[in-house]
Amino acid sequence: MSRKTARLTVDHLAELADPVRSCLFWELTPVDRARLDHEERIAEKESWLSAVLRDWGSCGRVVRLDGRTVGHIVYAPAARLPGAASLPTAPGSPDAIIAATAWIDPAFRRGGLGRLLVQAMAADLVERGHTAIEAYGDMRGKTVGCVLPAEFLGSVGFKTQRAHPTTPRMRMELRTALSWKDEVELALEKVWGVVRPTHKATRPIGSVRVASGD
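Source: prediction; values computed, not measured. Within every chain, residues take consecutive numbers counted from 1 along the sequence as written. Only residues with pLDDT of at least 70 are given local features in this predicted model, and only at 80 or more are side-chain atom pairs given and counted; all residues enter the totals for whole chains, interfaces and linings. Excluded from the side-chain calculation are hydrogens and water; included are all heavy atoms of the structure.

Trainee: What am I meant to see in unusual backbone geometry here?
Mentor: Backbone phi values are negative for most residues with the exception of glycine, while trans is the configuration of most peptide bonds. With omega at 5 degrees, the peptide bond leading from Asp18 into Pro19 counts as cis. Cis geometry is adopted by the peptide bond preceding Pro91, which originates at Ala90 and carries an omega value of 0 degrees. If you trace the backbone, Pro91 turns up in the loop between β3 (68–76) and β4 (96–104). Counting from the N terminus, the helices are the DSSP runs of H or I reaching at least four residues and the strands are the DSSP runs of E reaching at least two.

Trainee: Would you take a moment to explain the nonpolar core for this structure?
Mentor: For soluble globular proteins, nonpolar side chains are generally found buried alongside one another. One finds Met121, Ile133 and Phe158 to be the most contacted residues of the largest nonpolar core, which totals 27 residues. Of all the elements in the fold, those that place two or more residues in this core are β2 (60–65), β3, β4, α4 (113–127), β5 (132–138), α5 (150–155) and β8 (169–173). Of all the elements, α4 adds the most residues to this core, at eight residues. Contacts: residue pairs with any heavy atoms within 4.5 Å of one another. Setting aside its immediate chain neighbours within four residues, Phe158 contacts Ala99, Val118, Met121, Ile133, Glu134, Ala135, Leu153, Met170, Arg171 and Met172. Core analysis: the second largest hydrophobic core is formed by 25 residues, Ala6, Phe25, Trp103 and Tyr136 among them. For the purposes of this section, nonpolar cores are sets of buried Ala, Val, Leu, Ile, Met, Phe, Trp, Tyr and Cys residues that join through side-chain atoms within 4.5 Å. To sort residues, take the accessible area from a 1.4 Å probe on protein chains only and compare it with the maximum for the residue type: under 20% means buried, over 50% means exposed, and anything in between is partly exposed.

Trainee: Mind showing me how you'd approach a negative patch on the surface here?
Mentor: A cluster of like negative charges, contributed by Asp18, Asp37, Glu39 and Glu40, occupies part of the molecular surface. Note that Glu39 resides in helix α3 (residues 38–55). Looking at Glu39, the relative accessible area reads 54%, which means it is exposed. The patch calculation keeps residues exceeding 30% relative accessible area without a salt bridge and links them within 9 Å when they carry like charges or within 5 Å when they are nonpolar (Val, Leu, Ile, Met, Phe, Trp, Tyr). Only the protein chains shown count as covering a residue, and every accessible area follows the Shrake-Rupley method with a 1.4 Å probe. The term salt bridge refers to a side-chain nitrogen of Lys or Arg lying within 4 Å of a carboxyl oxygen of Asp or Glu. All tallies of charge rest on Lys and Arg as positive and Asp and Glu as negative; His and the ends of each chain are not included. In this description, the location of a charge corresponds to atom NZ of lysine, CZ of arginine, CG of aspartate or CD of glutamate.

Trainee: For this particular structure, what's the right way to read α3?
Mentor: By definition here, a helix of n residues has an expected span of 1.5 Å times n minus one. Spanning 18 residues, α3 covers 26 Å between terminal C-alpha atoms, matching the ideal 26 Å at 1.5 Å per step. Check the buried side of α3 and you find it contacts α1 (10–13) and β3. Whenever two N or O atoms come within 3.5 Å, that pair is a polar contact, provided that in protein one can donate a hydrogen and the other can accept it, and provided that, for residues adjacent in sequence, both atoms are side-chain atoms. The backbone nitrogen of Glu39 lies 3.2 Å from a side-chain oxygen of the residue at the head of α3, namely Asp37. Downstream of α3 by one or two residues, Gly57 has phi in the positive range, about 115 degrees.

Trainee: Would you take a moment to explain the pairing of β5 for this structure?
Mentor: Side chains on a regular strand alternate between the two faces of the sheet. Counting buried positions over the seven residues of β5 gives seven, a clear majority of the element. When DSSP locates at least two bridges between a pair of strands, those strands are taken to pair. Looking at chain direction, β4 and β5 are connected through three bridges and run parallel. Its bridge partner lying in β5, Ala96 is registered against Ala132. The handedness of the β4 to β5 crossover, carried by α4, is right-handed. Taken together, the five bridges between β5 and β8 define a ladder with antiparallel strand orientation. Bridge pairing links Glu134 to Arg171 in β8. Relative to strand β6 (residues 148–149), β5 runs parallel, the two being bridged by two bridges. What sits directly across from Asp138, in β6, is Pro149. When the strands point away from the viewer, a crossover counts as right-handed if the route from the first strand across the helix to the second turns clockwise.

Trainee: How do you make sense of the environment of Gly129 when you look at a structure like this?
Mentor: By the secondary structure assignment, Gly129 is in the loop between α4 and β5. A relative accessible area of 44% places Gly129 in the partly exposed class.

Trainee: Sorry if this is basic, but what is going on with α4 here?
Mentor: A turn of α-helix holds 3.6 residues, and therefore any two residues three or four places apart point the same way. The terminal C-alpha atoms of α4, which comprises 15 residues, lie 21 Å apart, in line with the 21 Å expected from a rise of 1.5 Å per residue. Extensive coverage of α4 is indicated by the burial of 13 of its 15 residues. Once α4 ends, the next one or two residues include Gly129, with phi positive near 90 degrees.

Structure follows, in structure tokens:
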């Protein structure tokens, strides 16, 4: 089965299941979300993604199996995610990009696709010069309101930045997370066909290069 990651585009949203494609937990405040019906939510999600892609650049990744989109992850600067302000451990650190949410088709969970998406996100942000990612986790063990389980975030490299009984804020340091170097490079080899250098000199994770047209 062929699997690859790609940059999230508006076209990919139509391939995602509801309520994922219409979730605006992060993109709007609770008051603004409540004013919209289902179709308006979908249109607003597409408008948000188009604006961020235009003004900031890539803000998500999808994972595709044999040409079918089966999962995604969304990330952006905090200013682009006003819904986060309602969480008890907000605001995030000023130097961090926020990993808002991720989703994998239930039929393909527990197969490493969530980790692959996080690796692709990390590689993209390292390439663009960012130094840290933060995410808000849910301690109840399931995705609630598009907030990811804290257990999942911990399993893919995030550490607690600000503790909370239900919604801790968690952080991944990209410049110092050297253990990620081999994992990210391996993911890139599998997904984009990047070849590792043969020399064994240690180099920082910030030197990872993503092939164009991903």
